[in-house]
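# Structural features, examined
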Amino acid sequence: MSLHPGGTEKPKHLDIKKLLKSVLAFKSSDLHLVPGSEPQIRIDKELRALNLPILSASEIEQMAYALIEEKQKKEFEENYELDFSFELKDIGRFRANYYRTIHGIACAFRMIPLNIPTLDEYGNPPIFKELIKREKGLILVTGPTGSGKSTTLASMLHEINMTQRRHIITVEDPVEFVHKNNKSLFSQRDVGSTTKSFAAALKYALRQDPDIILIGEMRDKETIAAALTAAETGHLVFGTLHTNSAPGTINRIIDVFDGDEQPQIRAQLASSLVSIISQMLIPKKDGGMVATQEILISNPAIGNLIREDKMHQIYSQMQINQQETFMTTQNQQLMELLQEDIISKENAIRSSNRPEELLKAMENL
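Report on the accompanying structure. (Residues numbered from 1 in each chain as written. Predicted model: local features only at pLDDT ≥ 70, side-chain atom pairs only at ≥ 80, totals over all residues. Heavy atoms only, no water.)

## Side note on the overall build of the chain
Helices and strands together make up the secondary structure of the chain, namely 15 helices and 14 strands. The C-alpha radius of gyration computed for the chain amounts to 22 Å, which stays within 12% of the reference 21 Å derived for 365 residues, consistent with globular compactness. When the backbone C-alpha atoms are referred to their principal axes, the chain occupies close to 65 × 55 × 40 Å. Burial analysis of the chain (365 residues in total) assigns 49% to the buried set. A sequence separation of at least 24 residues applies to 57% of the contacts in the chain between residues at least 6 apart. For the chain, the accessible area works out to roughly 18100 Å², and carbon and sulfur atoms hold 47% of it. When the 42 positive and 48 negative side-chain charges of the chain are each reduced to one mean point, those points stand 3 Å apart. (Helix = DSSP H or I, 4+ residues; strand = E, 2+ residues; numbered from the N terminus. Rg over C-alpha atoms; globule rule 2.2 N^0.38 Å. Buried < 20%, exposed > 50% of the residue type's maximum accessible area, 1.4 Å probe, protein only. Contact = heavy atoms within 4.5 Å. Areas by Shrake-Rupley, 256 points an atom, 1.4 Å probe, with all protein chains shown as cover. Lys, Arg positive; Asp, Glu negative; His and termini not counted. Charge placed at Lys NZ, Arg CZ, Asp CG, Glu CD.)

In structure tokens, the structure reads:
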């Protein structure tokens, strides 16, 4: 599908700021600039080409370098990769990644809303407002790239900001949503420009009198260990991982560590875990996206299964007494969306972590 912002005449020269502004008009999530292709945007998970000229590597390089400083240019030319975020006045905020292909420089831009949605506006379940009242522990929001993890976490912190007086330290690579101090006090740190690494920031964060710590990505053993320690020692810690289910998230965390370290990590996780929200965005029948959120909320039974290395039983435990525990599985959410005729059966099956179980449940539809 070809799209053109505001007409059919193709401009002779593309201005990156004007291009980003026009892309927002389509309410797309991403913009891609790749040599040998016209600019493409992502709408409802699908890439769509804009009716604009095919870009050369030199044209993309010119547009890319117009957005960065000399220090960032040097970093990119040394490492062939660059992650950063930026804000264009009267246009919007973006997360960017520059990388090199065999044909030259390429860019991916993610749109970040300037106005952070509330938990209610984002359609999150009421239990989220209870989770953020915890004094300590670990809350994880997981899912694939583009599943809305950052928005869910931003909404949680925004809710805290409106209702509680807390010192919130965020460590991100790069900083996405920018929070304004309301009732809470924010200290937002950007890996690479304001701190050397996630692990370094977390090491010193405990000396900065935080109540809440957000870790943009728990990507290595050192960062995960520091997060667990912070969650155990009286801090509420939020983090993300690229995992597709709540039980799978627990396995991923433990598997990062060596075998002789795993019993201690299981014990730490059993005592500090508050909740895992495993999220995915699915196309709706009438356009747009809808989120499914598999929700695990730790309790003594879940804690014992983690401690005793019985992760295979956690999924069954999530299905017990759900009206009391407020837990839900992904397939249950998919079934609700199917019954309300919001999503197609094909997309439900494609998205499910347990398609056989879903197919069986769908027999009664």
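## Concerning a negative patch on the surface
Where like charges cluster on the molecular surface, the negative patch consists of Glu 61, Glu 70, Glu 75, Glu 77, Glu 78, Glu 81 and Asp 83. When residues of the negative patch are assigned to their parent elements, the largest contribution, four residues, is made by helix H3 (residues 70-79). Assignment of secondary structure puts Glu 75 in helix H3. (Patch = residues over 30% accessible without salt bridge, like charges linked within 9 Å, V, L, I, M, F, W, Y side chains within 5 Å. Salt bridge = Lys/Arg side-chain N within 4 Å of Asp/Glu carboxyl O.)

## Points about the pattern of salt bridges
Enumeration over the complete set of coordinates arrives at 13 salt bridges. In this structure, the salt-bridge partner of Arg 93 is Glu 87, at a minimum N-O distance of 3.8 Å. Overall, the relative accessible area of 10% leaves Arg 93 in the buried class. Note that Glu 217 and Arg 219 form a salt bridge whose closest N and O atoms lie 3.3 Å from each other. Residue classification places Glu 217 among the partly exposed positions, given a relative accessible area of 24%. Here the salt bridges do not stand alone but share partners, grouping Asp 173, Glu 217 and Arg 219 into one network.

## Considering unusual backbone geometry
Here the amide bond leading from Asp 173 into Pro 174 is cis, since omega sits at -5°, within 30 degrees of zero. Its location among the elements puts Pro 174 in the loop between strand S9 (167-172) and strand S10 (185-190). The backbone of Lys 45 shows a phi angle near 75°, a positive value even though the residue is not glycine. Its location among the elements puts Lys 45 in the loop between strand S3 (40-43) and strand S4 (46-50).

## Some remarks on the nonpolar core
Phe 238, Ile 250, Leu 269, Leu 296, Ile 306 and Ile 314 are the most contacted members of the largest nonpolar core, which totals 58 residues. In terms of residues, this core owes the most to one element, helix H7 (residues 221-232), which gives five residues. Once residues within four sequence positions are removed from consideration, Ile 306 is found in contact with Ile 250, Arg 266, Leu 269, Ala 270, Leu 273, Met 311 and Ile 314. If you look at the next biggest cluster of nonpolar residues, it comprises 29 residues, including Ile 43, Ile 60, Leu 67 and Phe 109. (Core = buried A, V, L, I, M, F, W, Y, C linked by side-chain atoms within 4.5 Å.)

## Some words on helix H5 (residues 149-163)
For H5, which comprises 15 residues, the first-to-last C-alpha distance of 22 Å matches the rise-based estimate of 21 Å (1.5 Å per residue) to within 8%. Looking only at H5, the buried set comprises Lys 149, Thr 151, Thr 152, Leu 153, Ala 154, Ser 155, Met 156, Leu 157, His 158, Glu 159, Ile 160 and Asn 161. (Expected span 1.5 Å × (residues − 1).)

## Thoughts on the packing of aromatic side chains
For the structure shown, the criterion picks out six aromatic pairs. Between Phe 86 and Phe 94, the ring centres sit 5.4 Å apart and the planes meet at 25°, which makes this aromatic pair stacked. Phe 94 gets classed as buried once you look at its relative accessible area, which sits at 0%. Taken together, a centroid distance of 6.2 Å and an interplanar angle of 85° make the contact between Phe 86 and Phe 109 edge-to-face. Here Phe 86 is found in strand S5 (residues 81-88), whereas its partner Phe 109 is found in strand S7 (residues 104-112), with 23 residues between them in sequence. With respect to burial, Phe 86 and Phe 109 carry one shared label: buried. An aromatic cluster is built from Phe 76, Phe 84, Phe 86, Phe 94, Tyr 98 and Phe 109, whose rings are joined through pairwise contacts. (Phe/Tyr/Trp six-rings, centres within 6.5 Å; stacked < 30°, edge-to-face > 60°.)

## As for the pairing of strand S14 (residues 289-297)
For S14, a buried count of seven out of nine residues is recorded, marking the element as mostly surrounded by other parts of the structure. Relative to S14, strand S13 (residues 273-283) runs antiparallel, the two being bridged by nine bridges. Across the sheet, the residue bridging to Ile 276 is Leu 296, located in S14. (Pairing = 2+ DSSP bridges.)

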